Amino acid sequence: MIIRPFFTVAVSALVLIATVQFTNAQASNVPETDQYQPKDQFFKPLSPAEAIKTIEVPDGYHLQCVASEPMVQEPASFVFDEDGAMYVCEWLTYMQDEYGRNQLDETCRVVKLVDTDGDGVMDKRTVFIDKIRLPRTILPLKDRVLVNITQETTIWAYFDDDKDGVADRREAAYEGPENRGNIEHQLTGLVWNLDNYIYSNDRRFRYADGKLFPEPYSKSRISQWGLARDDDGRIYCSWAGGGNPVHSFQFPGGYPILNLSKRDEHAPGYDIPLSICQVEDQSSGHYDFENNRILKIFSATCGQTVLRSELMPQWYGHVATPEPVGRLIRLSTIKNEKGKRVAHNTFPEGEFIRSTDPFFRPVWSESGPDGCFYFADLYRGIIQEKTWFPHEGDHIWVKRYKRVKEWGMLKVFRHGRIYRLVPDKTKPSSPLQLKDLPTKDLVPHLSNGNGWIRDNVQKLLVSNADSSAVKPLKDLFGTSPSTNSRISALWTLNGLGAVDPSLVLTALRDKEERVRLAGIRLAEPFLKDGNETVAKSVFALADDASPDVAMQLVLSLKPSWPDCGKVRDEVVAKHASHPLITRYFKEEQRREQSLLLGDSAKAGLKIYETLCIVCHGKNGHGAKQGDSLLAPPLQKNRWFTGRRVDVITRVLLKGETGPIGDKTYGEGLMLPLESAYNDEQIADLMNYIGLTWNKWRDPVNASEVADIRAEIKDRKTPYTDKELLEIK
């Protein structure tokens, strides 16, 4: 394989240029058909200075380790506050042994790291929150820090009243129910988006008076671990289980999310990771044995961010997604192809960042206040939660367990590194101290070329609710040469309630298409109220040849608003070949049909979109992975068409393993849901699948599930197809 030039670097100011070494990671030579033999290979962890030599980065850049153990351990996610301090979620109970014991103990923490001397390396650490259960995601918001904790949907606001770096109290910003699902399938991502909503992977929130007010998406869960946004407010999602580095990025946040396949949103060849770590520890053994067992599929993509810094102008707007099983970070170029955006591998003959070190586990990334690209490396052996890490039987996962145990990988944990990617010839800027700046000094920073700066200035201006910002913001919109700055000014004015018809009209007539698109979105409340002047200017854009303008008009013009339905129909007719408009109307029809479902099936739809859709597909046909299906189809499924509630309940509660008939799907195992969902939720899920796709006439009752749960409560293993067929 031909790759572009790379060099590796050492920690902090010590820069070592070296060729990539396989260090302790020599490949296995065991053929695919041979039985694994013990002591095939053995790995030892490396110090940060040694590990950094194994990491490839693009020519002209080097890595700097900004924090490592013991300053930071098990860094599952992190974020910067408005003054450049870093808050890190430390998962100190995550897979500390092969059994995942005590994983939900309240012994984890959030630490605050500060670079006091401006050299780019964190040198001050305080424990901001101690003794909590697996903190998931963080959003600093001036005088408070929003935090979500595992097994909760509540979002807490923590306050450091005496400013010593340690939280003194907390209050609920949003109170939600418990979430007892698997820790890999819970809440993530608190992102302040362009439209002044805070986005998570389950819903978005309007922030007012210290509280969060939820609004649902058009579907349930949209991303698994991490969430990102771009300059126009598009949200970028990822699936770890589905091996999808970036998806659902067609429309700005707040609009319906299209259920597009990888084939729709990814360029040919995109879904092949170009890993160089020759270690066979992916759960299902998807390796290219002819090429030293290099990983063949994405397996755990997560923690994505959009690069939005002029420090790295050639990658501005590109999406970086860590892949800890592949020991790499994929960089995606998002190309607009006649109105549909498609992800391409920015480095088609390699990857953005990748390592030969078996313990390199990048899981989270951020664009920093200094313009650099940052990422967290868990640096550990096990990167698989205990549910997917069995120790007994002949399943391929058990074989993986035996290999990594023999190689000593189970003993490597409680490490952790956070790196930043730095240009060789350009010094990063020092982080600005934004939090306490007066309004008159904040507004000019919306002209900064770093998207992180603009986002945080907008967040502060809106949350401060200072009306004195309105005039300078309007001046900035009218005079700035930067399209990004003008768009940020518009949406900041929106957050302050200062968008009037004249401002919308100016935006709609702007020479820059992106400003016109923002103008259409901001015109929506005036269209709803029947403002004829605004409507006339919006309707005039129906003659715009741009596919993006056409799509935004379809999204913004609601048929129930005065004259909007007629104009929307005209736009649709003029853009019959648009790659997304027809798909959008199909999704709209599906959403309307879902409204006709009963309460139980509606609740089941939410569960299905949260958990099942990744493997079973949006329409229950089974999601494809290459030429095979990850899971069996649920439409016209033998158990559902026969209404075998007794069998279906057993599978949902205890799982199923092995081939089904003569076919093996995905990894050959459906996981048990008995600890994640109660009887009513299991019934809801069955009712959605049965009533929607399998012509059920009547719903299942929770009592039917409860009876079977009680009957099989002592069973410890998943069912096989043979066992299910024997149930009469």
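The structure displayed is predicted, hence computed values, not measured ones. (Residues numbered from 1 in each chain as written. Predicted model: local features only at pLDDT ≥ 70, side-chain atom pairs only at ≥ 80, totals over all residues. Heavy atoms only, no water.)

## Let's talk about the side chain of Arg-361
Reasoning step 1: Topologically, Arg-361 is positioned in the loop between β25 (353-355) and β26 (362-367).
Reasoning step 2: Judged by relative accessible area, which is 0%, Arg-361 ranks as buried. (Helix = DSSP H or I, 4+ residues; strand = E, 2+ residues; numbered from the N terminus. Buried < 20%, exposed > 50% of the residue type's maximum accessible area, 1.4 Å probe, protein only.)

## A few points about the packing of helix α6 (residues 470-479) against helix α7 (residues 483-495)
To characterise two packed helices, one gives the angle between the axes of the helices and the distance between these axes.
Reasoning step 1: The geometry of α6 relative to α7 is characterised by a closest axis approach of 8 Å and an angle of 150° between their N-to-C directions. Taken together, the axes of α6 and α7 are roughly antiparallel relative to one another. Handedness of the crossing formed by α6 with α7: left-handed. For the pair formed by α6 and α7, the contact residues are Val-470, Leu-473, Lys-474, Leu-476 and Phe-477 on the first element and Ser-485, Arg-486, Ala-489, Leu-490, Thr-492 and Leu-493 on the second.
Reasoning step 2: A class-by-class count of the residues in the contact of α6 with α7 yields seven nonpolar, two polar and two charged. (Axes fitted to C-alpha atoms, helices over the stretch in contact; angles between N-to-C directions. Parallel < 35°, antiparallel > 145°, perpendicular 65-115°, else oblique. Left-handed = near helix turned anticlockwise from the far one by under 90°. Contact = heavy atoms within 4.5 Å. Nonpolar A, V, L, I, M, F, W, Y, C, P; charged D, E, K, R; others polar.)

## With respect to helix α17 (residues 679-693)
Reasoning step 1: With 15 residues, α17 ought to run about 21 Å at 1.5 Å a step, and its terminal C-alpha atoms sit 21 Å apart, in line with that.
Reasoning step 2: Of all 15 residues in α17, eleven are buried, a share of seventy percent or more.
Reasoning step 3: On the buried face of α17, the contacting elements are α14 (599-616), α15 (638-641), α16 (645-654) and α18 (702-711).
Reasoning step 4: Lys-695, located one to two residues past α17, shows a positive phi value of around 60°. (Expected span 1.5 Å × (residues − 1).)

## Overview of the sheet that holds strand β18 (residues 244-247)
Two pairing modes exist for strands in a sheet, parallel and antiparallel, and in both the strands are linked by backbone hydrogen bonds.
Reasoning step 1: The strand order across the open sheet built from three strands is β16-β17-β18, with neighbouring strands paired in antiparallel fashion. Because the sheet does not close on itself, it has two edges, and the strands there are β16 (228-229) and β18.
Reasoning step 2: Taken together, the two bridges between strand β17 (residues 235-239) and β18 define a ladder with antiparallel strand orientation. If you follow Cys-237 over to β18, its bridge partner there is His-247. (Pairing = 2+ DSSP bridges.)

## Things to note about the confidence of the model for the chain
Reasoning step 1: Residues of the chain with pLDDT of at least 70 account for 94%, and the chain-wide mean is 90.
Reasoning step 2: Scored below 50 in pLDDT, residues 1-37 makes 102 contacts in the model with residues more than four places away or belonging to other chains. (pLDDT = per-residue confidence, 0-100.)

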